[in-house]
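So you can see what is in the structure, the chains are spelled out below.
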There are 2 protein chains.
Amino acid sequence: MTDVKEPGLRERKRVATRLAIERAALDLSLDKGYENVTVDEIADAADVSPRTFFNYFPSKEAAVIGHAPEGPDPEKIEAFLEASAKQPILDGIRDLLSSFLDAKSDEDARATHQLQETRMRLMLQNPHLFRQRMETMEDATKKMIEVVSKRLLVLDPALESDPTTLRERARLVVFVSFAGVRNAWASWAERGGSGRLTECLERSFEQLHQLSSQVNV
Amino acid sequence: MTDVKEPGLRERKRVATRLAIERAALDLSLDKGYENVTVDEIADAADVSPRTFFNYFPSKEAAVIGHAPEGPDPEKIEAFLEASAKQPILDGIRDLLSSFLDAKSDEDARATHQLQETRMRLMLQNPHLFRQRMETMEDATKKMIEVVSKRLLVLDPALESDPTTLRERARLVVFVSFAGVRNAWASWAERGGSGRLTECLERSFEQLHQLSSQVNV
DNA sequence: TGCAATTTTGCAGGCACTGCAACGATAATG
DNA sequence: CATTATCGTTGCAGTGCCTGCAAAATTGCA
């Protein structure tokens, strides 16, 4: 009855290859510097042909950036909407973001976790890559806007009649939250990536609140 | 006594070429779609060799994106710091940003203005390019953070003793402002680029203020 | 085992971009 | 004006990213 069927050899090989490529890309980049690594090298290290590399990833960047998450977990979204009235909305969003910022769950073992850590160290050295990652989160952004819209609607049902304003407001809230994320990352990067990123996120969102009170001066 | 010396033939040719390339790049991209235009075509249209194209711009993107402004005008910065106590800081930043968002001055004629308009229309069709432009404003970001730091210091001299917090706070304010810009652009883009972009910017920053009051629920 | 579906690979080629060295035009000097 | 120095332009050769296509290898299934 589980829809989690034992994956065949094909599928297993597929994920293995994908992982091998990602690992190769990250390790090499961390070692020699992202710019100095060629796709051919990565393919070699991953034991596939260069052509196969591009069957798995559309670009060299994509391999090191990793899947841009398409959105937060549905359960988290539930919780977010639940808490509509009891919690500052920014706090809700912070929780939503932190859950898919610092990667993940036990579903795909600790191999993935290790990858993520390498990825973060690499982004620390190449701010360019972090920004690029932020930019490629278009899907996530859309979903966030939708979800935030719903919650804003709960807070102020009157907005139902003005979907345009609703949408704009939701978008702004999401963008501001992303500003919080960027700031958190910058803080974290400034101290060389020591400490927990989520801590920086919390501080960042706290300052966001404080900003609200000061800003109207 | 003016330090604006008549530029020689060399210099004049140089700016002409640069302009020709930019125009060619923008017009062709708007016409055939950015992805479908090659550097060779642009060079042809601008009557230079492909190699020369890269003497003027480091990449195809750079040609259509244009110079990322390095920062607001010094005078504007003056005014911004002047107004420290009399004006909400976000309003100050909004003025600072709008001045270099919707391009410019009379210094380099209306040719530049025309270019800028084409550029905006192009970015409307390729959101990717707008985001890229935002990302490449690293210099401007740094300067903004500096300036905002100064102003925050005026507001709360106690921060002098804690440069780290000061810096972080300033950075957050700048990032939030950029969120406002992104949102303004999105609004403007959603209505197909009709109306004035600066209007969207104003509405965006107004909502930013309103957000402040609502957010703490 | 034999057939169908899918994945891997090699190959040819396009496009972005770079360093280098020759060439050409402008500027500076006598 | 002639000479020389300076600086921009160009062609060329080459690297690297990326794609489409078709053959070969692998896996799934009867």
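Rules of the game
- Starting afresh in each chain, residues are numbered from 1 along the sequence in its written order.
- Numbering of ligands from 1 and lettering of chains from A proceed in the order in which they are written.
- Where totals are concerned, whole chains, interfaces and linings use all residues; where local detail is concerned, this predicted model gives features only for residues with pLDDT of at least 70, and gives and counts side-chain atom pairs only at 80 or more.
- In this description, any two residues whose backbone-derived C-beta atoms lie within 7 Å of each other are considered to be in contact.
- Per the convention used, a helix needs a DSSP run of H or I reaching at least four residues, while a strand needs a run of E reaching at least two, with both numbered from the N terminus.
- When residue character is reported, Ala, Val, Leu, Ile, Met, Phe, Trp, Tyr, Cys and Pro are called nonpolar, Asp, Glu, Lys and Arg charged, and the others, Gly included, polar.
- For each residue, a C-beta position is placed from the backbone atoms; the residue is near a molecule or strand when that point lies within 6 Å of it.
- A set of buried Ala, Val, Leu, Ile, Met, Phe, Trp, Tyr and Cys residues, joined through C-beta atoms within 7 Å, is what we mean by a nonpolar core.
- A residue is called partly exposed when the number of other C-beta atoms within 10 Å of its own lies between 12 and 20, exposed at 12 or fewer, and buried at 20 or more, with C-beta atoms placed from the backbone.

Student: Would you mind going over the interface of chain B and chain A with me for this structure?
Tutor: Where interface size is given, it is often the accessible area lost as the parts come together that is meant. Taken together, the contacts link 27 residues of chain B with 28 residues of chain A. Taken together, the elements giving at least two residues each to the side of chain B that touches chain A come down to α6 (89-101), α8 (127-135), α10 (163-190) and α11 (197-214) of chain B. Among the elements that take part in the side of chain B that touches chain A, α10(B) stands out by supplying 13 residues, more than any other. Residues that form the side of chain B that touches chain A fall into these classes: 14 nonpolar, 7 polar and 6 charged.

Student: Help me out: how do you make sense of unusual backbone geometry in this one?
Tutor: When glycine is set aside, most residues are seen to have a negative phi, and most peptide bonds are trans. For D47(A), which is not a glycine, the phi torsion comes out positive at approximately 60°. Along the polypeptide, D47(A) turns up in the loop between α2 (39-45) and α3 (50-56).

Student: What exactly am I supposed to notice about the protein's contact with DNA strand C here?
Tutor: Not every one of the 18 residues close to DNA strand C is listed here, only the nearest: S49(A), T52(A), G8(B), T38(B) and S59(B). For the surface near DNA strand C, the secondary structure elements donating two or more residues are α1 (9-32) and α3 of chain A together with α1 (9-32), α2 (39-46) and α3 (50-56) of chain B. Ranked by the residues each element gives to the surface near DNA strand C, the list is headed by α3(A), at 3 residues. In terms of residue class, the surface near DNA strand C is made up of 5 nonpolar, 7 polar and 6 charged.

Student: For this particular structure, what's the right way to read the nonpolar core?
Tutor: The nonpolar side chains of a soluble globular protein tend to be buried with one another. Counting 93 residues, the largest nonpolar core has I42(A) and I42(B) as its most contacted members. Excluding residues that lie within four positions of it along the chain, I42(B) makes contacts with I21(B), A24(B), A25(B), L28(B), V37(B), F53(B) and A63(B).

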